[in-house]
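Spelled out from the first residue to the last, the chains are:
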Amino acid sequence: MRKATIVESSRELTAKERVAMKSKADMIMLNTACDIEALVIKPELWAVVEVQVDEEEPYNNYVIVDADGTKYYTGSESLWNAFMEIYNEMSAEPDTEYSVKVFKCNSKNRDGQKFITCSII
């Protein structure tokens, strides 16, 4: 059995938003969305969703909602850390508009591997 719990979000969520954040049915996986080229997102809302499947170890899905309503998700810690660094810094200036560019980089630790991250634009 799968159980999803919102453990953190950028603001208080409505019941409808909570349900939407826990279902990946209409979300786009960031790891594959930026396979060919970078993706630009204007973050409107985000949430951390803890997922528990049966007796397995729980894991987090990180959900970012674009200003156009598109929902993206990932389990990538590297992307989430980069995103939260940008979000936390920009929270000090709430009237400043910004977007993030999500892209893949070559790993320095694993030859031939890539990881997903983001930068502000």
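Computed from a prediction, not measured in an experiment: that's the story for all the values here. (Residues numbered from 1 in each chain as written. Predicted model: local features only at pLDDT ≥ 70, side-chain atom pairs only at ≥ 80, totals over all residues. Heavy atoms only, no water.)

Student: Looking at this model, I keep getting lost on the pairing of strand β7 (residues 100-106). Mind explaining?
Tutor: Taken residue by residue, a regular strand's side chains alternate between the two faces of the sheet. Summarising the sheet, strand β3 (residues 39-41) and β7 pair through 3 bridges and their orientation is antiparallel. Bridge pairing links I41 to V100 in β7. (Pairing = 2+ DSSP bridges. Helix = DSSP H or I, 4+ residues; strand = E, 2+ residues; numbered from the N terminus.)

Student: What am I meant to see in the sheet that holds β7 here?
Tutor: Paired through their backbone hydrogen bonds, the strands of a sheet run either parallel or antiparallel. Sheet architecture is open: 3 strands sit in the order β3-β7-β8, paired in antiparallel fashion. Here the strands that pair on one side only, and so sit at the sheet edges, are β3 and β8 (114-120). Adjacent strand axes in the sheet meet at a mean angle of 35°, parallel and antiparallel pairs treated alike. Pairing of β7 with β8, which is carried by 7 bridges, proceeds in the antiparallel orientation. Of the residues in β8, the one forming a bridge with K104 is I116. The strands that helix α3 (residues 77-90) touches are β7 and β8; relative to β8, the one it contacts most, it runs at about 10°. (Axes fitted to C-alpha atoms, helices over the stretch in contact; angles between N-to-C directions. Contact = heavy atoms within 4.5 Å.)

Student: What is the right way to look at the packing of aromatic side chains in this model?
Tutor: To describe a pair of aromatic rings, one takes the distance between the centres and the angle between the planes. Taken as a whole and assessed by the stated rule, the structure comprises 5 aromatic pairs. Seen in terms of ring centroids, Y62 and W80 are 4.7 Å apart; in terms of plane orientation they differ by 15°. Their pairing is stacked. Highlighted residues: Y62 in strand β5 (residues 59-66) and W80 in helix α3, separated in sequence by 18 residues. Here Y62 matches W80 in class, with each residue buried. Each ring, one from F83 and one from Y87, has its centre 6.3 Å from the other, and the planes form 20°; the classification is stacked. (Phe/Tyr/Trp six-rings, centres within 6.5 Å; stacked < 30°, edge-to-face > 60°. Buried < 20%, exposed > 50% of the residue type's maximum accessible area, 1.4 Å probe, protein only.)

Student: Please explain the sheet that holds β5 as it appears in this structure.
Tutor: One open sheet holds the 5 strands; their spatial order is β1-β4-β5-β6-β2, and the pairing between them is mixed. Each edge of the open sheet carries a strand with a single partner, namely β1 (2-9) and β2 (28-29). The pairing of β2 with strand β6 (residues 71-74) spans 2 bridges and is classified as parallel. When the bridges of β6 are listed, M29 appears paired with Y73. Against the sheet, α3 touches β4 (43-53), β5 and β6, its axis set at about 145° to β4.

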